[in-house]
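Listed here are the chains, written in short residue letters.
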Amino acid sequence: MSRVYAIANQKGGVGKTTTAVNVGACIAEAGYPTLLIDTDPQANATVGVGIDRTRQPGLYQVLLCDAPIEEAIVETGVGGLSLLPAGPGLAGATVELPRLQGFEHRLRELIAPLRQRFEYVLLDCPPSLGPLTVTALVAADRIIVPVQTEYFALEGLASLLETLEKVQRQLNPRLTVAGMLLTMHDARTRLGRDVEEEVRRHFPELVFDTVIPRNVRIGEAPSHGLPVTHHDPHSAGAEAYFELAKEVAARG
Ligand SMILES: Nc1ncnc2c1ncn2[C@@H]1O[C@H](COP(=O)(O)OP(=O)(O)OP(=O)(O)O)[C@@H](O)[C@H]1O
Ligand SMILES: [Mg+2]
């Protein structure tokens, strides 16, 4: 059985792309064919695995121009990890998608045949609750919510959870929360420890045991077009993402 995960939080810069790229790399490395789908016009996941953001066809052509999805999927430098790139025009999809009847279900329908080929599909979402994120949430079985371990961490989570409930009620009753992930954590600071405690108190069942530390290697890796697990596999950042991938797989 394949599993489709959306990595989403409308707050910007919380570690969505980093998590999608690195969990994808770890799962692929463990031997499971994995597809990363970049649904963000910023195309950071695309560039982060070394693929040119001008490559066509990309997700825009698949969603709006009937390009065959198989033609848009490319191999990355990471064995077993394929990518459906974000590309030119995807920003326009925010306006054009809602004009299509039943657009919310489009991505789910398009990836249905790929569930044979890929055991894991990971959707990197943009920092908004707009049509591209809704499309991803409808396509997903599970959502992973990265939360940056800083002041205001909980802000915005209420509206994210409201959107989730709405999607579950109206569009995708199968959708469940895989977990919330504390990212960019600094265990040496009082703030880091306090925020972790607060998020765990609010969502005792949901927060992953694994915490992603703030780590220089994680920040560097995208400039090499590599996941940190390949840029520096022995760094604290890479080790944390390996642990997280195991926890994600174990939660099922
Ligand atoms: N654990 C970490 N340690 C150090 N730097 C990190 C870590 N996680 C992410 N970063 C860096 O922080 C920045 C934001 O991370 P990322 O792009 O993953 O967030 P995002 O939620 O996808 O952002 P956006 O909302 O813009 O899509 C990036 O420059 C990334 O390299
Ligand atoms: Mg991102």
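This text follows the structure it describes.
Model, not experiment: these values are computed from the prediction. (Residues numbered from 1 in each chain as written. Chains lettered and ligands numbered in written order. Predicted model: local features only at pLDDT ≥ 70, side-chain atom pairs only at ≥ 80, totals over all residues. Heavy atoms only, no water.)

**With respect to the pattern of salt bridges**
At step 1: Applying the stated criterion across every chain yields a total of 13 salt bridges.
At step 2: A salt bridge links Asp194 to Arg190; the shortest N-O distance between them is 3.4 Å. Of this pair, Asp194 and Arg190 both sit in helix H9 (residues 190-202), four residues apart, roughly one helical turn.
At step 3: Arg217 serves as the salt-bridge partner of Glu220, at 2.9 Å between the closest nitrogen and oxygen. (Salt bridge = Lys/Arg side-chain N within 4 Å of Asp/Glu carboxyl O. Helix = DSSP H or I, 4+ residues; strand = E, 2+ residues; numbered from the N terminus.)

**Topic: helix H8 (residues 157-170)**
At step 1: Relative to the 20 Å expected for 14 residues at 1.5 Å per residue, H8 spans 20 Å between its end C-alpha atoms, a close match to the ideal helical length.
At step 2: Those residues of H8 hidden inside the fold are in contact with helix H7 (131-139), strand S6 (142-148) and strand S7 (176-183). (Expected span 1.5 Å × (residues − 1). Contact = heavy atoms within 4.5 Å.)

**As for the site of ligand 1**
At step 1: Around ligand 1 sit 18 residues in total, of which Lys16, Thr17, Thr18, Pro213 and Asn215 are the nearest.
At step 2: Residue Val14 places a main-chain N or O atom 3.0 Å away from an oxygen atom belonging to ligand 1.
At step 3: Contact between ligand 1 and Pro213: a nitrogen atom at 2.9 Å from a main-chain N or O atom of the residue.
At step 4: Tallying contributions element by element places helix H1 (residues 16-29) first for the shell around ligand 1, with three residues. (Near = heavy atom within 4 Å. Polar contact = N/O pair within 3.5 Å; in protein donor to acceptor, adjacent residues only side chain to side chain.)

**Some remarks on the side chain of Thr163**
At step 1: Here Thr163 shows up in helix H8.
At step 2: Leave out the neighbours within four places in its chain, and Thr163 touches Leu129 and Leu137.

**Quick look at the nonpolar core**
At step 1: Core analysis: the biggest nonpolar cluster contains 51 residues, and Leu84, Ile111 and Leu123 have the highest contact counts within it.
At step 2: It is H7 that contributes the most residues to this core, six residues altogether.
At step 3: When residues no more than four places from it in sequence are discounted, the contact partners of Leu84 are Leu35, Leu36, Ile37, Asp38, Gly58, Leu59, Val62, Ile69, Ala72 and Ile73.
At step 4: Counting 33 residues, the second largest nonpolar core, distinct from the first, contains Val21, Val23, Leu81 and Leu83. (Core = buried A, V, L, I, M, F, W, Y, C linked by side-chain atoms within 4.5 Å. Buried < 20%, exposed > 50% of the residue type's maximum accessible area, 1.4 Å probe, protein only.)

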